[in-house]
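Observations on chain architecture
These are the residues of each chain, in order.
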Amino acid sequence: MNYNIILGMSGGIDSSITAYILKKKGYKIIGIFMLNWDESNYSYCTISKDLLDTQKICKFLKIKLHIVNFSFDYWNKIFFYFLNEYKFGNTPNSDILCNNKIKFDIFLEYGKYLGANFVSTGHYSKIKFLKNNYILCKSFDLNKDQTYFLYNLNKNQLKFIIFPLYRYNKSFIRKLSLNLGLYNSMKKDSIGICFIGTLDFKSFLKKYISVCYGPVFNIYNNQIDIHDGIMFYTYGQKKKIINDNNSFVLQYIFNKNLFKNILNVASKNFKFFYCIIKNINFINNYIYYNIICDAKIRHSYVNDKCILKSLSNNTFIVKFLDFKDCLTLGQSIVFYKNSLCLGGGIIISVENKFIF
């Protein structure tokens, strides 16, 4: 094969093994390290260490490496959105937005500009060509499957993407890297928000968002505590409250009043039976108006049966067949039919009730 592939490399095991697999298949590979965050004033960012790891891996695999600075685009298209969502009390997912706006938009166009036939990354997801259409499916390793983070892609993007890790599980990938003697074989998987690194999440947000303390009320409308910033809390989150005996009582957040700066908590967690989503993207452009399907409310969450119904203006209602917890405004919900990823949208409203 003589295809040119632009490969996004991060210094981690997955992208390194992706490079090895593609090279073994005969592809001509150019590695790209994306500088998506300016770390000049932030010592907690790990970009320099990741770049060093990438350079060593590319030298070991004899792959040419380019460093491309996308930090301006990341700041304007990802970070501003991230901050604004938190200001409005929502909980955004920056990884989903990065895949949509950077890795498979700007990076994809950059690859085409360089004359590449395809772009590739170390994502655990499967792309199939079926009935003249490109579709996104779950990977073999369901624990590592990353279709949740890729639901905003479309078929025109999928036809230029190769995900070679879809057929493997992570334990095999790590063993392979050890057998090959890769420099980063024991490197841990990256978790959390990329631009925060090891810094405490609250400390990071306080650099950009003014914190306003406010009251915490129970279900009887009595103030029982003071919160340290409403943006730091999500629906269903546990909060320890000191009672009259100076002992801790566990409470659950069931409401956030952004305009009054009030948190409402209860001693019992609540359950959701439906939510409303917007900005829904169906990968194959087919609009699903009234279907029963599976839903994921976060990457590591198991699938739940739901009924997806269209309302108007790309707004849908999701009714769960069983009560669910921990739905969070601003997060994404992604839909599946067996292994096929249909698409997803962003939660803008929830309906909850207490289960005693």
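Presented here is a report on the structure given in the accompanying data block. (Residues numbered from 1 in each chain as written. Predicted model: local features only at pLDDT ≥ 70, side-chain atom pairs only at ≥ 80, totals over all residues. Heavy atoms only, no water.)

1. Side note on the sheet that holds strand β1 (residues 4–8)
Within a sheet, neighbouring strands are paired by backbone hydrogen bonds and run either parallel or antiparallel to one another. Ordered in space as β3-β2-β1-β4-β7, the five strands form an open sheet in which the pairing is parallel. What marks the edges here is a single partner per strand, and that holds for β3 (64–69) and β7 (161–162). The sheet strands contacting helix α1 (residues 13–24) are β1, β2 (28–35), β4 (118–120) and β7, and the helix crosses β1 at an angle near 170°. Contacts from helix α4 (residues 94–113) reach β1, β2, β3, β4 and β7, with the element oriented near 130° to β2. (Pairing = 2+ DSSP bridges. Helix = DSSP H or I, 4+ residues; strand = E, 2+ residues; numbered from the N terminus. Contact = heavy atoms within 4.5 Å. Axes fitted to C-alpha atoms, helices over the stretch in contact; angles between N-to-C directions.)

2. Overview of helix α6 (residues 170–180)
Inspection of α6 places K170, I173, L176 and S177 among the buried residues, and these make up the whole buried set. End-on view of α6: buried residues confined to an arc of 120°, all on one side of the axis. Those residues of α6 that are exposed and angled more than 90 degrees off the buried face are K175 and N179. Buried residues belonging to α6 abut α1. Note on α6: the residue one or two positions beyond its end, G181, has a positive phi of about 75°. (Buried < 20%, exposed > 50% of the residue type's maximum accessible area, 1.4 Å probe, protein only. Arc of directions from axis to C-beta.)

3. Points about the sheet that holds strand β9 (residues 223–227)
Pairing is mixed across the open sheet formed by five strands, whose spatial order is β9-β8-β12-β11-β10. Looking at the sheet topology across the chains shown, the edges are occupied by β9 and β10 (238–242). When strand polarity is set aside, the average angle formed by the axes of neighbouring strands in this sheet is 40°. Alignment of strand β11 (residues 248–257) against strand β12 (residues 262–266), held across five bridges, turns out to be antiparallel. Looking at the pairing, N255 lines up with N264 of β12.

4. A few points about the packing of helix α3 (residues 71–87) against α4
The geometry of α3 relative to α4 is characterised by a closest axis approach of 10 Å and an angle of 160° between their N-to-C directions. The pairing of α3 with α4 is recorded here as roughly antiparallel in orientation. Judged by the sense of rotation from one axis to the other, the crossing of α3 with α4 is right-handed. Note on element contacts: α4 touches α3 through S94, L97, C98, K101, I102 and I106, opposite D73, Y74, K77, I78, Y81 and F82. Taken together, the residues that form the contact of α3 with α4 break down as eight nonpolar, one polar and three charged. (Parallel < 35°, antiparallel > 145°, perpendicular 65-115°, else oblique. Left-handed = near helix turned anticlockwise from the far one by under 90°. Nonpolar A, V, L, I, M, F, W, Y, C, P; charged D, E, K, R; others polar.)

5. Looking at the environment of I253
Tracing the chain through its elements places I253 in strand β11. Take I253: its relative accessible area is 0%, and that puts it in the buried class. Along the sequence, I253 and Q237 sit 16 residues apart, while their C-alpha atoms lie 5.5 Å from each other.

6. Digging into the side chain of N90
Note on placement: N90 falls in the loop between α3 and α4. Sequence-distant contacts of N90, that is, excluding residues within four places in its chain, are made with E85, L329 and G330.

7. A word on the pairing of strand β17 (residues 332–337)
Looking along a regular strand, one sees the side chains alternate between the two faces of the sheet. For β17, the tally of buried residues reaches five of six residues, placing the bulk of the element in the interior. Sheet topology note: the strand β14 (residues 290–296)/β17 ladder contains three bridges and is antiparallel. Bridge pairing in β17 places K296 opposite V334.

8. Observations concerning the pairing of strand β6 (residues 133–137)
The buried fraction of β6 is high, at four of five residues. The pairing of strand β5 (residues 126–130) with β6 spans five bridges and is classified as antiparallel. Its bridge partner lying in β6, K128 is registered against I135. Between the end of β5 and the start of β6, which pair antiparallel, lie two residues, with K131 showing a positive phi angle near 55°.

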